[in-house]
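Residues per chain, in single letters:
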Amino acid sequence: MTDPVSQIREALLAAAAALRGSGPDEAGAAGHAVVAPNLERPKRAGQGDYATNAAMLLAPKLGKPPREIAELLGAELARVLGETLVSYEIAGPGFLNLTLSDEWHKDAIRYVLDSGEQFASGGAEHPERINLEFVSANPTGPTVVANGRAAAYGDALAKILIHHGHSVSREYYFNDAGSQIDRLGESVIARARGQEVPEGGYQGDYIVDLANEIPGAGDSNAQASVIAAQAITILLQQVRATLERYRVFYDTFFSERTLHQGSPSALDRAIESVRAGGHVYEHDGATWLRTTTFGDDKDRVLLRSDGAPTYFLADLAYMADKQARGFERQLLPVGADHHGYVARLKAAFQALGNDPELLEPVIMQLVHLVEGGERAKMSKRRGEFVTLDELLDEIGVDATRYFMLQSSHDRTLDINLEVARKQSNENPVYYVQYAHARIASMLKRLGPERVAEAVASAADWSSPADALHPSERELVKKLASLPVEIAEAAERRAPHRMTSYALELAQEFTAFYRDCKVVGAEPESVESWRIAVCVATQQTLALVLELLGVSAPDSM
RNA sequence: GCCCUCGUAGCUCAGCUGGAUAGAGCAACGGACUUCUAAUCCGUAGGUCGCAGGUUCGAGUCCUGCCGGGGGCGCCA
């Protein structure tokens, strides 16, 4: 079953192909590039339902003026589409504006309703097994607001990719080995003894809580590594609880320490793998990976001169492990403060013998909290931060998730705490939810029997004499565009597009609500049609909100 | 210093990989509630898309150079 917009697109491609077949092919065999014309909503009213730039793209290939080609293309398209195409006009430099029939709009609603929860799903041309690792903050303190952005991004992206047809596993990698962990243990021990934390240790109040919580932390024979392990267990549980409250659920929590265990360990095997590729050498007593072969600034140490593995080696082994578990693609949202790391990661991935395209680090810009016009600093070690839990207490899960996903991940995000606290209604999420609740209220008033009957009576919707209202046509086209929007959001790793879509859909619905009476509309066939439009809209709003991890309430 | 990244309305941000007269929300101002939910709607105002060049039929979008914000440049994690 092809969605309504794709139907038009395919007709357009067919018409373009017919034109190419009849015209002189200037491009010749070598330049036989596929023309990929746009099919988009015109920005201004009165320019039809869809517009295409196909004629302008074909012009250089066919050696004729764009407007002349547009005329030919329009005629061909009219032949292909039949009654679906009511009219076309040539505009501007060679745009072709298309006006579609009411019947096409009704078919679109039927399609949406028939698709149900599967609407706009499965569009991926090449479904992949994807490992999506996100947040992966070290459990050396509470989850902070910046983690909340990564969590919202990763989770929404996972949902969108899955809806698009991919198989996605959400993964959280945590470091429970290495010197930072030792410092955590030392900090807890110091607090348990009523002392100041050592230089470079962790100073937050939560360290004191841990000191009280872990029995024997203040004993004279307490070992940093043992205490740290207990602290990490507790902290990881807290991280998990916060993220679950935030509606983020992982498939796997991956412990770095497991990479160090066994003989040979995963680290040993990783080194052997890149050594076999000829990318390893010894220098100054250390073991290096020649990452410069793959575009890195300088080579990187795998084993320090004292024999201790670097964090980088663990990452190398981790990438290999993901691969061994059968993931074709690794998606890796990382904070901007780690972006200096991506060149060596990609290099390491290649050193393992892989196509670098299959490792996708996504650089996320940071989140800043603004209070009193000043940016609040967030550092775990200094104990200055606002936790995600605190933010959730202030403005709630729905508003927080929506806010985090509103802006593109490659832009820094400022959260104004005064606004977040006092005027949470400013968040557009309520507008979207309100549209959903409003529909729920209307449908409730109508009763489930009437609604079911209206949806089932698709053949009788409206009557030929009743031209659809412009607001109805706009709303239907917004609904019909979801498959394209999902594809864009998935392929560009851009969940924030779905927040834009949600807002636009809610706006189109509200305009429809303003202009078109639903309950009690006459004749009954019109009421039925509009009920069906409402059901399709509600279903789609719920679907999009679900992808964003935001609730869709029936009343507000 | 070198590298990465961002710069669009007063504020927060979209802008569908080059298309028509750059759009929303909030804030501001003026209106609308015996109504299918006013957490709403209608209207007004608000822009040199950081600056300057370049590429072409056409640039917020691509290229170069500046300016400004953020980040990164350890045998740290």
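Small disclaimer: the values here were computed from a predicted structure and weren't measured. (Residues numbered from 1 in each chain as written. Chains lettered and ligands numbered in written order. Predicted model: local features only at pLDDT ≥ 70, side-chain atom pairs only at ≥ 80, totals over all residues. Heavy atoms only, no water.)

### Some remarks on the overall build of chain A
Basically, it comes down to this: Working definition: helices are DSSP H or I runs of at least four residues, strands are E runs of at least two. Numbering for both runs from the N terminus. Burial status follows relative accessibility: with a 1.4 Å probe on protein chains alone, a residue under 20% of its type maximum counts as buried, one over 50% as exposed, and anything between as partly exposed. The criterion used for residue contact is that any of the two residues' heavy atoms lie within 4.5 Å. Lys and Arg are tallied as positive, Asp and Glu as negative. Neither His nor the chain termini are counted. Charged groups are reduced to one reference atom each: NZ for lysine, CZ for arginine, CG for aspartic acid, CD for glutamic acid.
Helix and strand content of chain A: 21 helices and 15 strands. Referenced to the eigenvectors of the C-alpha coordinate spread, the extents of chain A come out at roughly 90 × 65 × 40 Å. Within chain A, the proportion of its 556 residues that are buried is 52%. Intrachain contacts of chain A at a sequence separation of at least 6 include 71% that bridge at least 24 residues. Positive and negative charge centroids in chain A, built from 55 and 77 side chains respectively, lie 2 Å apart.

### Remarks on the sheet that holds strand S10 (residues 300-303)
The condition is simple: A pair of strands counts as paired when DSSP detects no fewer than two bridges linking them. Note on geometry: axes are C-alpha line fits, over the in-contact stretch for helices, and angles between N-to-C directions span 0 to 180 degrees.
With antiparallel pairing, three strands are arranged side by side in an open sheet as S8-S9-S10. With one partner strand each, in any of the chains shown, strand S8 (280-283) and S10 form the two edges of the open sheet. Geometrically, the sheet is characterised by an average inter-axis angle of 45° between neighbouring strands, direction not taken into account. In this sheet, strand S9 (residues 286-289) lies alongside S8 in antiparallel orientation, the contact comprising four bridges. Bridging from a neighbouring strand, valine 280 pairs with leucine 289 of S9. Relative to S8, helix H10 (residues 266-276) is tilted by about 105°, and along the sheet it contacts S8, S9 and S10.

### Structural notes on the sheet that holds strand S5 (residues 129-133)
The sheet built from five strands is open, its strands ordered S7-S6-S5-S11-S12 with parallel pairing. Strands at the two margins of the open sheet, each flanked by one partner only, are strand S7 (252-255) and strand S12 (359-364). The mean angle between the axes of side-by-side strands here comes to 25°, regardless of whether they run parallel or antiparallel. Note that S5 and strand S6 (residues 167-174) share five bridges and pair parallel. Bridge pairing in S6 links isoleucine 130 to valine 168. Where helix H5 (residues 145-164) meets the sheet, its contacts fall on S5, S6, strand S11 (329-335) and S12, and the angle it forms with S6 comes to roughly 160°. Here helix H12 (residues 342-351) sits on the sheet and contacts S11 and S12; the angle it forms with S12, its principal contact strand, is near 170°.

### Notes on the pairing of S9
Of the two faces of S9, the one holding Ala286 and Trp288 and the one holding Thr287 and Leu289 are both buried throughout. Hairpin geometry of S8 and S9 is characterised by an intervening segment of two residues between the two adjacent antiparallel strands and by a positive phi of about 55° at aspartate 284. One ladder, built from three bridges, connects S9 with S10; its direction is antiparallel. Paired with tryptophan 288 across the bridge in S10 is valine 301.

### Some thoughts on the protein's contact with RNA strand B
Stated precisely, the cut-off is as follows: Put simply, a residue is near a molecule or strand once any heavy atom of it comes within 4 Å of that molecule or strand. Polar contact is defined as a pair of N or O atoms within 3.5 Å, subject to the rule that within protein one atom must be able to donate a hydrogen and the other to accept it, and that residues adjacent in sequence are counted only when both atoms are side-chain atoms. In the scheme used here, Gly and all other residues not listed as nonpolar or charged are polar, with Ala, Val, Leu, Ile, Met, Phe, Trp, Tyr, Cys and Pro taken as nonpolar and Asp, Glu, Lys and Arg as charged.
In the neighbourhood of RNA strand B, 68 residues make up the surrounding shell, with Phe95, Gln180, Ser408, Tyr434 and Arg438 lying closest. In RNA strand B, atoms within 4 Å of the protein come from the sugar-phosphate backbone in 67% of cases. In the model, a phosphate oxygen of RNA strand B is placed 3.3 Å from a nitrogen or oxygen of the arginine 411 side chain. With respect to RNA strand B, the backbone of threonine 412 contributes an N or O atom lying 3.4 Å from a phosphate oxygen. Among the elements of the structure, strand S4 (95-100), helix H6 (179-192), S9, strand S15 (413-416), helix H16 (429-446) and helix H20 (496-515) are those that each provide at least two residues to the surface near RNA strand B. When grouped by side-chain class, the residues that make up the surface near RNA strand B number 25 nonpolar, 24 polar and 19 charged.

### Notes on the environment of tyrosine 173
By the element assignment, tyrosine 173 lies in strand S6. By relative accessible area, which is 2% here, tyrosine 173 ends up buried. Spatially, the C-alpha atoms of tyrosine 173 and phenylalanine 294 are 25 Å apart, while their sequence positions differ by 121 residues. Among residues more than four places away in sequence, those in contact with tyrosine 173 are Glu133, Ser136, Phe254, Glu256, Leu259, Tyr311, Ala314, Asp315 and Tyr318.

### Quick word on helix H2 (residues 54-62)
Among the residues of H2, Ala54, Ala55, Leu58, Ala59, Lys61 and Leu62 are the ones counted as buried. The positive-phi residue at the C-terminal boundary of H2 is glycine 63, with phi of around 70°.

### Considering the confidence of the model for chain A
The condition that has to hold: The quantity called pLDDT is the predictor's confidence in a given residue, expressed from 0 to 100.
Mean pLDDT over chain A stands at 88; residues scoring 70 or higher make up 94%. pLDDT under 50 marks residues 23-33. Its contacts with residues more than four places away, or in other chains, come to 15 contacts.

### A few points about the environment of aspartate 299
Of note, aspartate 299 is situated in the loop between S9 and S10. Relative accessible area serves as the criterion here: at 15%, aspartate 299 is assigned to the buried category. Distance from aspartate 299 to tryptophan 288, taken between C-alpha atoms, is 6.6 Å for residues 11 residues apart in sequence. A distance of 2.7 Å separates polar atoms of two side chains, one belonging to aspartate 299 and the other to tyrosine 281.

### Some words on the packing of helix H14 (residues 397-406) against H16
Taken N-terminus to C-terminus, the directions of H14 and H16 make an angle of 120°; their axes are 9 Å apart at the nearest point. Contacts between H14 and H16 involve Asp398, Ala399 and Tyr402 from the first element and Val429, Tyr430, Val432 and Gln433 from the second. Its residues assigned to classes, the contact of H14 with H16 comprises five nonpolar, one polar and one charged.

### Structural notes on the nonpolar core
Worth spelling out the cut-off: Remark: nonpolar core denotes a set of buried residues (Ala, Val, Leu, Ile, Met, Phe, Trp, Tyr, Cys) joined through side-chain atoms within 4.5 Å. Domain delimitation follows an automatic or database domain assignment.
With 110 residues, the main nonpolar core has Ile109, Tyr172, Leu210, Tyr246, Ile415, Leu482 and Met498 as its most contacted residues. In terms of residue count, helix H21 (residues 524-548) provides more of this core than any other element does, 13 residues in total. In this structure, this core is formed jointly by two domains, domain 2 (367-423) and domain 3 (428-548), each of which donates at least three residues. Residues within four places of leucine 210 in sequence aside, it is in contact with Val188, Ala231, Ile234 and Leu235. Among the nonpolar cores identified, the runner-up in size contains 28 residues, and Ala266, Phe312, Leu316 and Phe349 belong to it.

### What about the pattern of salt bridges?
Let me state the cut-off plainly: We define a salt bridge as a contact between a side-chain nitrogen of Lys or Arg and a carboxyl oxygen of Asp or Glu at a distance within 4 Å.
One pass over the full model with this rule turns up 31 salt bridges. The salt bridge involving glutamate 474 is made with arginine 41; its shortest N-O contact spans 3.3 Å. Pair noted here: glutamate 474 is in helix H18 (residues 470-480) and arginine 41 is in the loop between strand S1 (39-40) and strand S2 (50-52), with a separation of 433 residues, a long-range link. Put simply, arginine 257 and aspartate 176 hold a salt bridge, and the shortest N to O gap is 3.9 Å. In this pair, arginine 257 sits in helix H9 (residues 257-260) while aspartate 176 sits in the loop between S6 and H6, placing the two residues 81 residues apart along the sequence. Exposure remark for arginine 257: the relative accessible area of 39% places this residue in the partly exposed category.

### Some remarks on the packing of aromatic side chains
Keep this limit in mind: Only centres within 6.5 Å qualify two rings of Phe, Tyr or Trp (six-membered ring in Trp) as a pair; their planes then separate them into stacked at under 30 degrees, edge-to-face at over 60, and tilted for everything else. We count a charge as sitting over a ring when the NZ of a lysine or the CZ of an arginine lies within 6 Å of the ring centre and within 35 degrees of the ring normal.
Taken as a whole and assessed by the stated rule, the structure comprises 15 aromatic pairs. Each ring, one from tyrosine 111 and one from phenylalanine 119, has its centre 6.1 Å from the other, and the planes form 75°; the classification is edge-to-face. Like tyrosine 111, the residue phenylalanine 119 is buried in the burial classification. With a centroid separation of 5.8 Å and 45° between ring planes, the pair formed by phenylalanine 509 and phenylalanine 512 is classed as tilted. Remark: phenylalanine 512 and phenylalanine 509 occur in helix H20; sequence separation between them is three residues, near one turn of the helix. Overall, phenylalanine 509 belongs to the buried group, its relative accessible area being 0%. By relative accessible area, which is 0% here, phenylalanine 512 ends up buried. Taken together, the ring pairs connect Phe134, Tyr172, Tyr250 and Phe253 into an aromatic cluster. Against the face of tyrosine 246 rests arginine 401, its NZ or CZ located 5.5 Å from the ring centre.

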